[in-house]
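# Notes for the structure review
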Amino acid sequence: MRYFLNGTDTNREIAYRFLIYGAMGFLLFACQPIRDFQTISGDYIKTDIKPKYPLPSKGLKTVILVADNKSTEIFDLLAPYFLFKCADKANIFIVSKDPAPISLFRGLGVMPHHTFDSYIDLDITPDLIIVPNMSSIDKDSIDVDIVSFINSQYDPDSTWVLSICSGAAIAAQTGIFDGHEITSHSSDIEQLSQQWNRPKWIYDMKVTQSGNLFSTAGVSNATEGSLFVISKLFGPEIAEGL
């Protein structure tokens, strides 16, 4: 430490002080909990952003994935979205009731492309409605606005429906699958069939088809079902290329 005492070594003294104080400052902040570094200042949170709703490209089919802002299964929503997007043959929109993040199972959140109201304003009947597992499979807890929106967009002559996993609860609640085959996650079929007895519940099947109505079992079968519908809607060569 002689440099601090020797008046002829001013530059070295400054350099040493800089290093020492810098190290002390680093240790001081490094000892703070990690969560303190993850705190976001309110100054950076935008609360006045107005959503910009995308317009569909002309000449393409339209696929909508219905989601519940409160909770939607991550794989049921994003696997079909990814595959249909990669097919590059349709307008693909995630729609939800509110212009707010959709809380996905496992903690991720995504913003919808459209709200129910903004999509209705487009005045386009979708070619395909995809219904993933959402916040509840209990009949009394299902959001009636989600059911009403699906029914308002479904045309039995031109619209296909793909129910994913336990999205079968909402699909069954719409009445669209009454008298038609439908499957779901194997652990939920018994409970679902007790609440909705009009669909024909199918066990031990990955994917079902009854006319323009499709459904999948649970877990990774969202992929199987999506590829199956893509092959029917756009051709097997498109599905095989994904």
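Please refer to the structure placed before this passage.
Definitions and cut-offs
All residue numbers refer to position in the chain's written sequence, counted from 1. Note on the predicted model: pLDDT of at least 70 is required for a residue's local features to be given, and 80 or more for side-chain atom pairs to be given and counted; whole-chain, interface and lining totals, by contrast, use all residues. With hydrogens and water excluded, all non-hydrogen atoms of the structure serve as input to the side-chain values. Here a strand is any run of E in DSSP of at least two residues, a helix any run of H or I of at least four, and the numbering for each starts at the N terminus. Only protein chains enter the area calculation, which uses a 1.4 Å probe; residues under 20% of their type maximum are buried, those over 50% are exposed, and those in between are partly exposed. An expected span of 1.5 Å times one less than the residue number is assigned to each helix. Definition of a polar contact: a pair of N or O atoms within 3.5 Å, with one able to donate and the other able to accept a hydrogen when the atoms are protein atoms, and with sequence-neighbouring residues admitted only if both atoms are side-chain atoms. Only heavy atoms enter the contact rule, under which two residues are in contact if any of them lie within 4.5 Å. When DSSP finds at least two bridges between two strands, those strands are taken to pair. Here, axes are lines fitted to C-alpha atoms. For helices the fit covers the stretch in contact, and angles between N-to-C directions go from 0 to 180 degrees. By definition in this entry, angles of less than 35 degrees are roughly parallel, angles greater than 145 are roughly antiparallel, angles of 65 to 115 are roughly perpendicular, and the rest are oblique. Should the near helix be turned counterclockwise from the far one by less than a right angle, the crossing is left-handed, whereas a clockwise turn marks it as right-handed. Think of it as three bins: nonpolar holds Ala, Val, Leu, Ile, Met, Phe, Trp, Tyr, Cys and Pro, charged holds Asp, Glu, Lys and Arg, and polar takes everything else, Gly as well.

With respect to the helices and strands, Asp143 occurs in the loop between β6 (128-131) and α5 (144-153). Judged by relative accessible area, which is 14%, Asp143 ranks as buried.

Across its 14 residues, helix α3 (residues 74-87) extends 20 Å between first and last C-alpha, which sits within 8% of the 20 Å expected from 1.5 Å per residue. Those residues of α3 that fall on the buried side of the exposure criterion are Asp76, Leu77, Ala79, Pro80, Leu83, Phe84 and Ala87. At the N-terminal end of α3, a side-chain oxygen is found 3.3 Å from the backbone nitrogen of Phe75, two or three residues along, and the residue is Glu73. Taken from the residues just after α3, Asp88 is the one with a positive phi, measuring 55 degrees.

A few words now on the environment of Gln209. Relative to the assigned elements, Gln209 resides in strand β10 (residues 207-210). Each C-alpha atom of the pair Gln209 and Leu162 lies 9.1 Å from the other, and the pair is 47 residues apart in sequence. Not counting chain neighbours up to four residues away, the residues in contact with Gln209 comprise Glu181, Phe214, Phe228 and Lys232. Among the polar contacts made by the side chain of Gln209, one reaches the main-chain carbonyl oxygen of Gly211 at a distance of 3.0 Å.

It is worth spelling out the sheet that holds β6 at this point. Note on sheets: strands pair through backbone hydrogen bonds, and any given pair is parallel or antiparallel. In spatial order, the strands read β5-β2-β1-β6-β7-β11-β10; together these 7 strands make up an open sheet with mixed pairing. Of all the strands in the sheet, the pair left with one neighbour each is β5 (114-115) and β10. Here 3 bridges tie strand β1 (residues 61-66) to β6, and the two strands are oriented parallel to one another. From the neighbouring strand, Val63 faces β6, where its bridge partner is Leu128.

Below, the discussion takes up the packing of α3 against helix α8 (residues 221-234). Between α3 and α8, the shortest axis-to-axis distance is 9 Å and the interhelical angle comes to 30 degrees. By the criterion of interaxial angle, the relationship of α3 to α8 is roughly parallel. Judged by the twist between their axes, the crossing of α3 over α8 is right-handed. Residues Phe75, Asp76, Ala79, Pro80, Leu83, Phe84 and Ala87 of α3 form the contact with α8, whose own contacting residues are Ala222, Thr223, Ser226, Leu227, Val229, Ile230 and Phe234. Residue classes in the contact of α3 with α8 are distributed as 11 nonpolar, 2 polar and 1 charged.

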